[in-house]
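Chain and residue survey
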Amino acid sequence: MLAHVIVSGRVQGVGFRFSAQQQARRHHLNGWVQNKANGTVELEVEGDEEQVHTFLQALKKGFSPFIHVDNMEVDLDQKDKGFKDFSIK
């Protein structure tokens, strides 16, 4: 399963990308995460459907007290893109 996500809130300058990478690797997920110029963070994550949903639940909670997620736009697809790791762009 593949999830494309746009996250808004206090998500830049608070370790969000690094935390996302750690959580993705912990759940054996692949993909990428990047800051966007408008203050949001964009990411794609793929892997086992249950693990993707578990990751998205953790992401919504913010990973740490410094991160505050106001909104998540999530698009799900059954087709993976074949990422080999989870990278920070």
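Up top is the structure.
Quick caveat: nothing in here was measured; it's all calculated off a predicted structure. Just so you know, the residues in each chain are numbered from 1, in the order the chain's sequence is written. Where totals are concerned, whole chains, interfaces and linings use all residues; where local detail is concerned, this predicted model gives features only for residues with pLDDT of at least 70, and gives and counts side-chain atom pairs only at 80 or more. Excluding hydrogens and water, the side-chain values take into account all heavy atoms of the structure.

**Structural notes on the nonpolar core**
By convention a nonpolar core is built from buried Ala, Val, Leu, Ile, Met, Phe, Trp, Tyr and Cys residues, the set being connected through side-chain atoms within 4.5 Å. Type-normalised accessible area, obtained with a 1.4 Å probe on protein chains alone, sets the label of each residue: buried when under 20%, exposed when over 50%, and partly exposed for intermediate values. Counting residues in each nonpolar core, the largest one holds 20 residues, and the members touching the most others are Val7, Val11, Phe16, Leu43, Val45, Val52 and Phe55. Where helices and strands are cited, they refer to DSSP runs of H or I of at least four residues and of E of at least two residues respectively, numbered from the N terminus. Breaking this core down by element, the ones donating at least two residues are β1 (2–10), α1 (16–26), β3 (41–46) and α2 (49–61). Tallying contributions element by element places α2 first for this core, with four residues. In contact with phenylalanine 55, not counting residues within four places along its chain, are Ala20, Gln23, Ala24, His27, Leu29, Leu43, Val45 and Phe63. Two residues qualify as a contact provided that any one of their heavy atoms is within 4.5 Å of a heavy atom in the partner residue.

**What about the packing of α1 against α2?**
Interhelical geometry of α1 versus α2 gives an angle of 155 degrees and a closest axis separation of 10 Å. In this view, α1 runs roughly antiparallel relative to α2, as classed from their interaxial angle. For α1 against α2, the interelement crossing comes out right-handed. Contacts between α1 and α2 involve Phe16, Ala20, Gln23 and Ala24 from the first element and Phe55, Ala58 and Leu59 from the second. For helices, the axis comes from a line fit to the C-alpha atoms of the stretch in contact; other axes are also lines fit to C-alpha atoms, and the angle between any two N-to-C directions lies between 0 and 180 degrees. Working rule for angles: under 35 degrees goes down as roughly parallel, over 145 as roughly antiparallel, 65 to 115 as roughly perpendicular, anything else as oblique. Each helix crossing is assigned a hand: it is left-handed if the near helix lies turned anticlockwise from the far helix by less than a right angle, otherwise right-handed if that turn is clockwise.

**Some thoughts on the pattern of salt bridges**
Oppositely charged side chains are able to pair whenever their charged atoms sit close together. Criterion for a salt bridge: a side-chain nitrogen of Lys or Arg within 4 Å of a carboxyl oxygen of Asp or Glu. Counted under the stated rule, the structure contains three salt bridges. A salt bridge links arginine 25 to aspartate 85; the nearest nitrogen and oxygen atoms lie 3.2 Å apart. Of this pair, arginine 25 sits in helix α1 while aspartate 85 sits in the loop between β4 (68–77) and β5 (86–88); the two residues are 60 residues apart in sequence, bridging distant segments of the chain. In this structure, lysine 36 engages glutamate 42 in a salt bridge whose closest nitrogen and oxygen atoms are separated by 3.6 Å. On the basis of relative accessibility, which here comes to 12%, the residue glutamate 42 falls in the buried class.

Keep in mind that these numbers describe shape and distance, not what the molecule does.
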